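Summary of structural features
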Amino acid sequence: MATVELRFSALPAHVRTARLVAAAVARRSGVDEAVLDEVRLAVGEACSRAVHLHRQHCPHTPVMVTLVDEDKTFQVSVTDEAPRGGDESGGGTLADLAKSADLEDPVVPGMGLAVISGLVEDLAVEHGADRGVVVRMRWPTST
Amino acid sequence: MDLSLSTRTEGDRIVVEVGGEIDVYTAPRLREQLVDLVADGKYHLIVDMEKVDFLDSTGLGVLVGGLKRVRAHDGSLRLVCTQERILKIFRITGLTKVFPIHASVEEAVNASE
């Protein structure tokens, strides 16, 4: 098992760093090249969502990303520490979500998770022990 | 790669050429650009995304915001994109039904409203 952990301040600029790290570790773990764009986008969405929630609720708490290569699987977990009942809106299509978005805020609530669910087949969204959500995404590896 | 933005006039349309990454960090700059154009009375916009390397839901939100702004003035916002990895995000989100997406700037300029 190989693990990389990344803990970053809830700043939008660091989301790109998380994407780059995730893609680099995924490539090294043997994730198919054709899937790396998907990994990059999904991890970016999960981190953007966490950063958005942290900036609203706990701006001084870092976001945690864990990347694990184990048993022919590459797993990414993005953990936030925001209070329950954050911004996830239910129901409606993504187009509806987008159309109802606030013009002043480019982050469309619920859209990040919806994009992830459209991208990643092996996805689990679990509540943390006390607060927050863990978004777990898995991809097969060839090594 | 950072975001690059440039604008030019093509007939009665404004073409916004976007390059690099549109994400939670850079999307506010694109939003400002679209807001400024609308505030300046430019209501028929074409966003050329051929040089975009990365687009996430934050970028989609900005484009939808731009569309809402121009439509409030009976305007239009057309996209130019042929990159499969970018088009995939529009398909996943169902936004291919919301935005007219063209294969070239010329095609978008010549599209009738």
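Every value quoted in this text rests on a predicted model; they were computed, and no experiment measured them.

Remarks on the environment of Val31(A)
- Turning to its location among the elements, Val31(A) is positioned in the loop between helix H1 (12-29) and helix H2 (36-57).
- Excluding residues that lie within four positions of it along the chain, Val31(A) makes contacts with Ala26(A), Leu36(A), Val39(A), Phe74(A), Pro140(A) and Thr141(A).

Focus: the pattern of salt bridges
- Summed over all chains, the structure comprises 17 salt bridges over all chains.
- The closest approach of N and O atoms between Glu21(B) and Arg16(A), which form a salt bridge, is 2.9 Å. Of this pair, Glu21(B) sits in strand S2 (residues 13-22) while Arg16(A) sits in helix H1, on two different chains. Like Glu21(B), the residue Arg16(A) is buried in the burial classification.
- The closest approach of N and O atoms between Arg8(B) and Glu10(B), which form a salt bridge, is 3.0 Å.
- The class of Arg8(B) is partly exposed, set by a relative accessible area of 33%.
- Taken together, the shared-partner salt bridges connect Arg16(A), Arg19(A), Asp2(B), Glu21(B), Asp23(B) and Arg29(B) into one network.

A look at the sheet that holds strand S5 (residues 101-102) of chain B
All names here are of chain B.
- Strand order across the open sheet formed by 5 strands is S1-S2-S3-S4-S5, with mixed pairing between neighbours. If you trace the sheet from one side to the other, it starts and ends with strand S1 (4-10) and S5, each paired once.
- Alignment of strand S4 (residues 76-80) against S5, held across 2 bridges, turns out to be parallel. Its bridge partner being in S5, Leu79 is matched across the sheet by Ile101.

Rules and cut-offs
- Residues numbered from 1 in each chain as written.
- Chains lettered and ligands numbered in written order.
- Predicted model: local features only at pLDDT ≥ 70, side-chain atom pairs only at ≥ 80, totals over all residues.
- Heavy atoms only, no water.
- Helix = DSSP H or I, 4+ residues; strand = E, 2+ residues; numbered from the N terminus.
- Contact = heavy atoms within 4.5 Å.
- Salt bridge = Lys/Arg side-chain N within 4 Å of Asp/Glu carboxyl O.
- Buried < 20%, exposed > 50% of the residue type's maximum accessible area, 1.4 Å probe, protein only.
- Pairing = 2+ DSSP bridges.

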